[in-house]
Amino acid sequence: MKKMFLAVLTSLALCSYGFAQDDDDEYEEDEAPAKVVKKAAVEEDEEEEEDAAPAKKKEKKSSRKAGEAFVGFGIDLSDAIVGGLDGSVARFSVAFKLNPSMELSAIFGMYHHGETTADVNGTEVGAEDNYTALSIGVGFDYYLGTPILPTSIGGQVIYDSFDEDNSALEFNILFGAHAEVVKNFVVSAQIGLGINYIMGKEGDTDTSRLDFGFAPGIKATWYAF
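Residues numbered from 1 in each chain as written. Predicted model: local features only at pLDDT ≥ 70, side-chain atom pairs only at ≥ 80, totals over all residues. Heavy atoms only, no water.

### Comments concerning the pattern of salt bridges
Here is step 1 of the chain: Under the defined criterion, the tally for this structure stands at three salt bridges.
Here is step 2 of the chain: With a shortest N-O distance of 3.0 Å, R209 and D211 are connected by a salt bridge.
Here is step 3 of the chain: On the basis of relative accessible area, D211 is assigned to the partly exposed category, the value being 28%.
Here is step 4 of the chain: Each of R91, D160 and E170 takes part in one network of salt bridges that share partners. (Salt bridge = Lys/Arg side-chain N within 4 Å of Asp/Glu carboxyl O. Buried < 20%, exposed > 50% of the residue type's maximum accessible area, 1.4 Å probe, protein only.)

In structure tokens form, the structure reads like this:
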């Protein structure tokens, strides 16, 4: 009888131990996925932070300094003064600062010569000498790093149309010195070589010639915005 009682107790003890082992294994299996999920979430957060870092770097862009003007309006003072006297075209320009060292300009001008009339025996007679001269071109200046005054080298290509029969193509290679009289108002003195290819017509004959010489000039530019 005692042997049978000990056998029953031993069987119960072994069953209890088996159930305890099964519960522990299930508990460990339940905890494992949670640890995996937490680890995956941490890795995703780290990847998002790494992706966000380059985006912040891209937001930094180089820009002009605050208050630095970009567009300027200029007039060639030598042409403006002499233009009304000899019939040459007074030229204006719009300058664009591409960067602190380079500037691109659009050049244009206009001059209208009215018709000359005369009173002949009480009758007004026109000479038919009226015309409109137009000028259009581009200019480029590269600024040098000189210590006292800003200086530049550059060039111009300009097309002049004097009337339907006469025109010219102008090439200028210029060296300039620039002085800022007041803020954003610059006076420039320029000198260089000018080459003019002039085309015309005399009767039924087409004519052309090539002129060259010094090309001095004084220009004032106001950098508005």
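Having seen the structure, we can now continue with the description.
### Some remarks on the pairing of strand β2 (residues 91-99)
Here is step 1 of the chain: The pairing of strand β1 (residues 71-76) with β2 spans five bridges and is antiparallel. Looking at the pairing, I75 lines up with F92 of β2.
Here is step 2 of the chain: Examined bridge by bridge, β2 and strand β3 (residues 102-113) share eight bridges and lie antiparallel to one another. By the bridge assignment for β3, N99 is matched with M102.
Here is step 3 of the chain: Linkage of β2 to β3, two consecutive antiparallel strands, is achieved through a turn of two residues. (Pairing = 2+ DSSP bridges. Helix = DSSP H or I, 4+ residues; strand = E, 2+ residues; numbered from the N terminus.)

### Looking at a negative patch on the surface
Here is step 1 of the chain: Residues E115, D119, E124 and E128 make up a contiguous surface patch of negative charge.
Here is step 2 of the chain: Along the chain, E115 turns up in the loop between β3 and β4 (117-120).
Here is step 3 of the chain: Given a relative accessible area of 40%, E115 falls into the partly exposed group. (Patch = residues over 30% accessible without salt bridge, like charges linked within 9 Å, V, L, I, M, F, W, Y side chains within 5 Å. Areas by Shrake-Rupley, 256 points an atom, 1.4 Å probe, with all protein chains shown as cover. Lys, Arg positive; Asp, Glu negative; His and termini not counted. Charge placed at Lys NZ, Arg CZ, Asp CG, Glu CD.)

### A closer look at the side chain of E103
Here is step 1 of the chain: Residue placement: E103 occurs in strand β3.
Here is step 2 of the chain: An unpaired buried charge is present at E103: no salt bridge exists, and K219, the closest side chain of opposite charge, is 5.0 Å distant.
Here is step 3 of the chain: Looking at E103, its side chain comes within polar contact range of the side chain of Y223, at 2.7 Å.
Here is step 4 of the chain: Excluding residues within four positions of it along the chain, E103 makes contact with A95, F96, K97, L98, G139, F140, D141, Y143 and Y223. (Polar contact = N/O pair within 3.5 Å; in protein donor to acceptor, adjacent residues only side chain to side chain. Contact = heavy atoms within 4.5 Å.)

### Overview of unusual backbone geometry
Glycine aside, the phi torsion of most residues is negative, and most peptide linkages are trans.
Here is step 1 of the chain: A positive phi angle is found at N121, which is not glycine, with a value near 55°.
Here is step 2 of the chain: Positive phi, normally seen in glycine, also occurs at E128, with a value near 55°.
Here is step 3 of the chain: With respect to the element layout, E128 can be found in the loop between β5 (123-126) and β6 (131-144).
Here is step 4 of the chain: E128 sits in the exposed class, given a relative accessible area of 68%.

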